[in-house]
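# Topology and contacts: notes
Here's the letter readout for the chains.
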Amino acid sequence: MATELPFEKPLVELRVKIDELKRFTEEKGIDMSEEVATLEAKAKTLAESIYRDLKPWQKVQIARHPERPTALDYIRAMCGDFIELHGDRNFRDDPAMVGGVGLFRGRPVTLIGTQKGKDTKDNIHRNFGMAHPEGYRKALRLMKQAEKFQRPVFTFIDTAGAYPGAGAEERGQGEAIARNLIEMAGLRVPVVCVVTGEGGSGGALGLGVADEILMFEHAYYSVISPESAAALLWKDATQGQRAADTMCITAQDLKAFGIVDQIVPEPFGGVQRDRAEAVSALSDAFAQALDRLDALGMDALLERRYDKYRKIGNYREMTEELPKHSVAMQES
């Protein structure tokens, strides 16, 4: 049975009652089909009401669901003959960042993504999808290789953030992410990224400078996790739900802001409910994005990429003359 989320509890309890009635019918031979049908109709209506109007915090919970497909799940399902490549050619291989070359609908592509684990042991090995600087340097090595051989780049984002440990900082975590931002901005091949679950802070941005950004319906993308934002704003990390409701981190919010280009629909209840449907929807979204980008020349592609990020956010140019005391302060 799939892991149920807290807000799904009423639906779970109703389904338990349905299963109990079905078992009672089998064991006692008493016809309870009418009662079962009534409860199943009620369960369907309840499920529709729950998933039709999910709150931001509920979407965060779905995005973190332990049974959501990982980057490698999507890559292996979408691509034939995938060959994983390892190492940053400098320090070591980072299991939290995976990448390699595969055939996407008969076309060679480079695929890179943050990788969470399947269970506790695997999550420890993958560092819960939080990459070290060598992970971002491996990703950059693969992107530059893709540029050399003119392969499009697909990136998969699902991370709470880059690893903030002392060792990662000593090896240049900030520099590694910043380098990826610079290099991806000028990469001379089409780049498409997708936020499949969590899109956390610089850990996500290190793979997120793309020509088109896709985002699953129940994923979230944010400069900081809701819990960390709550700890900063209200000195209470338990106020994560309150923060999520005010941060505009859902796919729908970001599409409205022009940050996300396309929302990939999820199966009813989330991608963990039907992986095949999720893979099919994502594969089609990638193909459509690639068709749009292929129609552009390289110079037009780079100009389009530049314009995309130039338009994000609001700013105001200060053209008026500064007060004399401000000028004096600057000069001093």
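Scope of this entry: the structure provided in the associated data block. (Residues numbered from 1 in each chain as written. Predicted model: local features only at pLDDT ≥ 70, side-chain atom pairs only at ≥ 80, totals over all residues. Heavy atoms only, no water.)

Turning our attention to the packing of helix α4 (residues 71-78) against helix α13 (residues 275-294). Where α4 contacts α13, the two axes come as close as 10 Å, and the packing angle between them is 70°. Our classification of the angle between α4 and α13 gives roughly perpendicular. Two secondary-structure elements touch here, α4 through Asp 73, Tyr 74, Ala 77 and Met 78 and α13 through Arg 275, Ala 278, Val 279, Leu 282, Ser 283 and Phe 286. (Axes fitted to C-alpha atoms, helices over the stretch in contact; angles between N-to-C directions. Helix = DSSP H or I, 4+ residues; strand = E, 2+ residues; numbered from the N terminus. Parallel < 35°, antiparallel > 145°, perpendicular 65-115°, else oblique. Contact = heavy atoms within 4.5 Å.)

Moving on to the pattern of salt bridges. Within this structure, the stated rule accounts for 26 salt bridges. Where Glu 4 meets Arg 273, a salt bridge forms, and the shortest distance between an N and an O atom there is 3.4 Å. Taken as a pair, Glu 4 in the segment before α1 (9-28) and Arg 273 in the loop between β8 (262-264) and α13 lie far apart in primary sequence, 269 residues in all. Residue class for Glu 4 comes out partly exposed when judged on its relative accessible area of 23%. Among the residues examined, Arg 273 registers a relative accessible area of 30% and is labelled partly exposed. Of the charged contacts in the structure, one is a salt bridge between Asp 158 and Lys 116, with a shortest N-O distance of 3.2 Å. Of this pair, Asp 158 sits in strand β4 (residues 153-159) while Lys 116 sits in the loop between β3 (107-114) and α5 (120-125), and the two are 42 residues apart along the sequence. Per residue, the accessibility class of Asp 158 equals that of Lys 116, and both read buried. Through salt bridges that share partners, Arg 64, Lys 116, Asp 158, Glu 198 and Glu 227 make up one connected network. (Salt bridge = Lys/Arg side-chain N within 4 Å of Asp/Glu carboxyl O. Buried < 20%, exposed > 50% of the residue type's maximum accessible area, 1.4 Å probe, protein only.)

Let us now look at the pairing of strand β5 (residues 191-200). In terms of burial, β5 is a largely internal element, ten of the ten residues being buried. Looking at chain direction, β4 and β5 are connected through six bridges and run parallel. Of the residues in β5, the one forming a bridge with Thr 155 is Cys 193. Relative to strand β6 (residues 212-216), β5 runs parallel, the two sharing four bridges. Bridge pairing in β6 links Val 194 to Leu 214. As paired elements, β5 and strand β7 (residues 220-222) share three bridges and run parallel to each other. Looking at β7, one finds that Glu 198 is bridged to Tyr 220. (Pairing = 2+ DSSP bridges.)

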